[in-house]
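Take a look at the letters that make up each chain.
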Amino acid sequence: MNEDLRNIVLGVLATGVSGSLGWLTRTHLWRRRLRRKQAFFGLPGHSECMLVVNREAGGDGAVHRFDVFALLELSALIKDCGAHAQIVQHDLAQLGFGDRTEFCVGGPGSNRRMGAHLSSLLPGLTMSVEREPVEERGAIRIGADRYRMDPGVCEYVLLARVTAGEGGRPVFLFCGQRAITNQAATRYLARHHERLARSYRGGSFVLLLKVVNSQAYGPDVVELVADVTRQALTAAVTPASPSAGAAT
């Protein structure tokens, strides 16, 4: 073998080794990233999860189109994790939590299960389901603060990841004042789940998000208003009645 041929063979071998190392490195990083994503969502490969859907306000079992878009956003995340989803109507989801991951979409006015979750998992906040007065419709109360919506201009949505139950699988809540805000919250989660996983290290969190000018920008312009985890997870203290314990 002359020197030129030897150099060619060595060059080919070096290229092959370099390419193999690069492929192995990329595969390792991809698998590590996938494991972190699966851990955050509580979705190991081939696991089952539950998508709880609401109904359109005033509709007969119909799901609002923006909530359908929200389910599509979540379905893509679930598929990326190699898991499988079961879609369940809110009034038929008579199951506990913790045994498998749950994604619950819609406010308590259109999603009975969301109302139950707010009461049992997030006792420190409430959301108005009354249609009158109009200005209070869908208002979110967190402690002493109240967040009212200006439809199409300024609307709010709660994005929560709560771990509860014996199984330890998380419950994700997308509780918005309008259907388009539910989609905005799912899109926010899809875009920022890596940062959220690093920030909360797999623990519970409750974020209040503001959807800006949805009539022009749809669900794309979202601002983080506050991390309300502590307030939401802590039951509100009801002031004692002045007459409580008084002698008669």
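This part takes up the confidence of the model for the protein chain. Taken over all residues, the pLDDT of the protein chain has a mean of 86, while the share at 70 or more is 84%. Within the protein chain, strand 9 (residues 205-212) carries the highest mean pLDDT (98), whereas helix 1 (residues 3-41) carries the lowest (74). Long-range and interchain partners of residues 241-248, a stretch whose pLDDT sits below 50, account for zero contacts in this model, where long-range means more than four residues apart.

Among the nonpolar cores identified, the biggest contains 28 residues, and Phe41, Leu43, Phe103, Phe174 and Leu189 are the most heavily contacted of them. Those elements that place two or more of their residues in this core are helix 1, strand 1 (48-53), helix 2 (65-80), strand 3 (101-105), strand 7 (154-163), strand 8 (170-176), helix 4 (179-200) and strand 9. Ignoring anything within four residues of it in the chain, the contact list for Leu43 reads Gln38, Cys49, Ile78, Cys81, Ala83, Thr101 and Phe103. Counting 27 residues, the second largest nonpolar core, distinct from the first, contains Leu122, Ile142, Ala164 and Cys175.

With that out of the way, let us pick up the packing of aromatic side chains. Within this structure, the stated rule accounts for nine aromatic pairs. Seen in terms of ring centroids, Phe41 and Phe103 are 6.3 Å apart; in terms of plane orientation they differ by 40°. Their pairing is tilted. Here Phe103 lies in strand 3 and Phe41 lies in helix 1, a separation of 62 residues in the sequence. The pair Phe41 / Phe103 is uniform in exposure class, with both members buried. Taken together, the ring pairs in this structure connect Phe40, Phe41, Phe103, Phe172, Tyr200 and Phe205 into an aromatic cluster. We note Arg65 situated over the ring of Phe66; from NZ or CZ to the ring centre the distance is 4.4 Å. Cation over ring: Arg161 sits above Phe40, and NZ or CZ is 5.2 Å from the ring centre.

The rules behind these values
- Counting restarts for each chain, with residues numbered from 1 along the sequence as it is written.
- Since the coordinates come from a predicted model, pLDDT governs what is reported: local features require at least 70, and pairs of side-chain atoms require 80 or more to be given and counted, while whole-chain, interface and lining totals use all residues.
- The side-chain values count all of the structure's non-hydrogen atoms but skip hydrogen atoms and water molecules.
- Residue-level confidence of the predictor is summarised by pLDDT, bounded by 0 at the bottom and 100 at the top.
- Helix numbers and strand numbers start at the N terminus; a helix is a DSSP run of H or I with at least 4 residues, a strand a run of E with at least 2.
- When checking whether two residues touch, look at their non-hydrogen atoms; a contact exists if any pair is within 4.5 Å.
- Residues belong to one nonpolar core when they are buried, are Ala, Val, Leu, Ile, Met, Phe, Trp, Tyr or Cys, and are joined through side-chain atoms within 4.5 Å.
- Note on exposure labels: buried denotes an accessible area under 20% of the residue type's maximum, exposed denotes more than 50%, and partly exposed covers the range between, all computed with a 1.4 Å probe on protein chains only.
- For Phe, Tyr and Trp, where Trp contributes only its six-membered ring, two rings pair if their centres lie within 6.5 Å, and the inter-plane angle classes them as stacked under 30 degrees, edge-to-face over 60, or tilted in between.
- To sit over a ring, a charge needs its Lys NZ or Arg CZ within 6 Å of the ring centre and within 35 degrees of the ring normal.

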